[in-house]
Structure formats: structure tokens, C-alpha cells
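Now for the letters of each chain:
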Amino acid sequence: QVQLVESGGGLVQAGGSLRLSCAASGRIFSINIMDWYRQAPGKERELVATITSAGSTNYADSVKGRFTISRDNAKNTVYLQMNSLKPEDTAVYYCKLTTPSAGYWGQGTQVTVSS
């Protein structure tokens, strides 16, 4: 059983920054991919950023240059540093862990950016 717990969401003004964390616990394979997704009201869930266990990263075009994904493998934790936030970044942010056998989701954390 794998559990993911996100934290770090909140309310911030446009142009501000937030850092999200996602801590994984349980039976975690050393080879895995961790992602951050987001879902705004009335919209589909979208992939924001990805990081492999080797440290390779990928970003959605909408967040390139503003968001940075990183991970601490010793702590089984992934981070999302979000800078220059915009109102359109408002959403529930979810982390996802994908292993060779299954995928697991966190419960989500709300990020609200006011204009």
C-alpha cells in the first residue's frame, strides 16, 4: 500500500510563490515517476510537471520557466516550486506516483491565486 500526502497549498497574490510537497510512504519501488497534476473548476485534470527517479524533468508549456519540480529520493518526497503565479494557476494540485506495477494519487491541495 502506497500513500501520498500533499501539503503547501494556500492563497497567494498574483506574482507570488508557493512550494508544494508530496511525501510518499509504503512499498515504493526505486524506479518510479512522480508527477504533479492540477484540476481547475470545470476543467479536466492536466499534467503540470514530471520527474523520473533519475531526475529527468518535463513541464507543461503553461508553467515552463515558472515552476520547478524536484525530488528527494531519500525522503520519497517530490516538490513543486511555483513562482510568478497567475490567477489561471488556481486549481487543486495532485501528485501522482507511478511504479512498474501501479499508479497512486494524493488527495490534492488547493492553490488559489488572487489577481
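All of these numbers come straight from a predicted model, not from anything done at the bench.

**Q** Just checking my understanding: could you explain the packing of aromatic side chains for this structure?
**A** Think of a pair of aromatic rings as described by two things: how far the centres are apart, and how the planes are tilted against each other in angle. In the structure shown here, the tally under the stated rule is two aromatic pairs. Seen in terms of ring centroids, Y94 and W105 are 6.4 Å apart; in terms of plane orientation they differ by 85°. Their pairing is edge-to-face. Placement of Y94 in strand β9 (residues 91–98) and of W105 in strand β10 (residues 103–105) is noted, with a sequence separation of 11 residues between them. A relative accessible area of 14% places Y94 in the buried class. Classification of W105 as partly exposed rests on a relative accessible area of 39%. By way of ring pairs, the aromatic residues Y37, Y94 and W105 are connected into one cluster. Here R19 stacks its cationic end above the ring of Y79, 4.0 Å away from the centre of that ring. Stacked on the ring of Y94, the Lys or Arg R45 has its end atom at 3.8 Å from the ring centre.

**Q** Help me understand empty space enclosed by the protein in this model?
**A** Over the atoms, a rolling probe the size of a water molecule traces out where space has been left empty. Enumeration according to the criterion identifies one cavity of 30 Å³ or more in this entry. Lining of the largest cavity is provided by A24, I28, N32, M34, R71, N73, N76 and L97. For the lining of the largest cavity, the residue count by class is four nonpolar, three polar and one charged.

**Q** I'm lost on the state of the cysteines in this one. Help?
**A** Working definition of a disulfide: a covalent bond connecting the sulfur atoms of two cysteines. The tally for this structure, following the rule as stated, stands at one disulfide. Here C22 pairs with C95 through a disulfide, and the sulfurs are 1.9 Å apart. Its S-S torsion of approximately 50° makes the covalent link between C22 and C95 right-handed. Here C95 lies in strand β9 and C22 lies in strand β3 (residues 18–26), a separation of 73 residues in the sequence.

**Q** Explain the pattern of salt bridges here, please?
**A** Oppositely charged side chains can form a pair if their charged atoms are brought close together. Taken as a whole and judged by the stated rule, the model has four salt bridges. Between D89 and R38 there is a salt bridge whose closest N-O contact spans 2.9 Å. Of the two residues, D89 is situated in the loop between β8 (77–82) and β9 and R38 in strand β4 (residues 33–39); the sequence distance between them amounts to 51 residues. On the accessibility criterion, D89 (1% relative accessible area) is buried. Between R66 and D89 there is a salt bridge, with its nearest N and O atoms 2.7 Å apart. Taken together, the residues span a long stretch of sequence, with R66 in the loop between β6 (57–59) and β7 (67–72) and D89 in the loop between β8 and β9 at a distance of 23 residues. Considered together, R66 and D89 belong to a single accessibility category, that of buried residues. The network of salt bridges with shared partners includes R38, E46, R66 and D89.

Each value, and the rule that gives it
- Numbers given to residues run from 1 along each chain, matching the order in which its sequence is written.
- Only residues with pLDDT of at least 70 get local features here, since the model is predicted, and only at 80 or more are side-chain atom pairs given and counted; chain-wide, interface and lining totals rely on the full set of residues.
- Hydrogens and waters are ignored; side-chain quantities use all the structure's heavy atoms.
- Ring geometry is summarised as follows: Phe, Tyr and Trp rings, the Trp one being its six-membered ring, pair when their centres sit within 6.5 Å, and such pairs are stacked at plane angles under 30 degrees, edge-to-face over 60 and tilted between the two.
- Here a strand is any run of E in DSSP of at least two residues, a helix any run of H or I of at least four, and the numbering for each starts at the N terminus.
- With a 1.4 Å probe rolled over the protein chains alone, any residue whose accessible area is under 20% of its type maximum counts as buried; one over 50% counts as exposed, and the rest are partly exposed.
- Note on geometry: a ring has a charge over it if NZ (lysine) or CZ (arginine) is within 6 Å of the ring centre and within 35 degrees of the ring normal.
- Here a cavity is any set of points on a 1 Å grid over the protein atoms alone where a 1.4 Å probe fits but cannot get out, and a pocket is any open set with protein on both sides within 12 Å along at least 5 of 7 lines; a residue lines the site when it has an atom within 4 Å of a point.
- Grid points are joined across faces, edges and corners, and a volume is the space filled by probe spheres set on the points.
- The classification used treats Ala, Val, Leu, Ile, Met, Phe, Trp, Tyr, Cys and Pro as nonpolar, Asp, Glu, Lys and Arg as charged, and all other residues, Gly among them, as polar.
- A pair of sulfur atoms, both from cysteines and within 2.5 Å, is called a disulfide here.
- Salt-bridge detection follows one rule: a side-chain nitrogen of Lys or Arg within 4 Å of a carboxyl oxygen of Asp or Glu.

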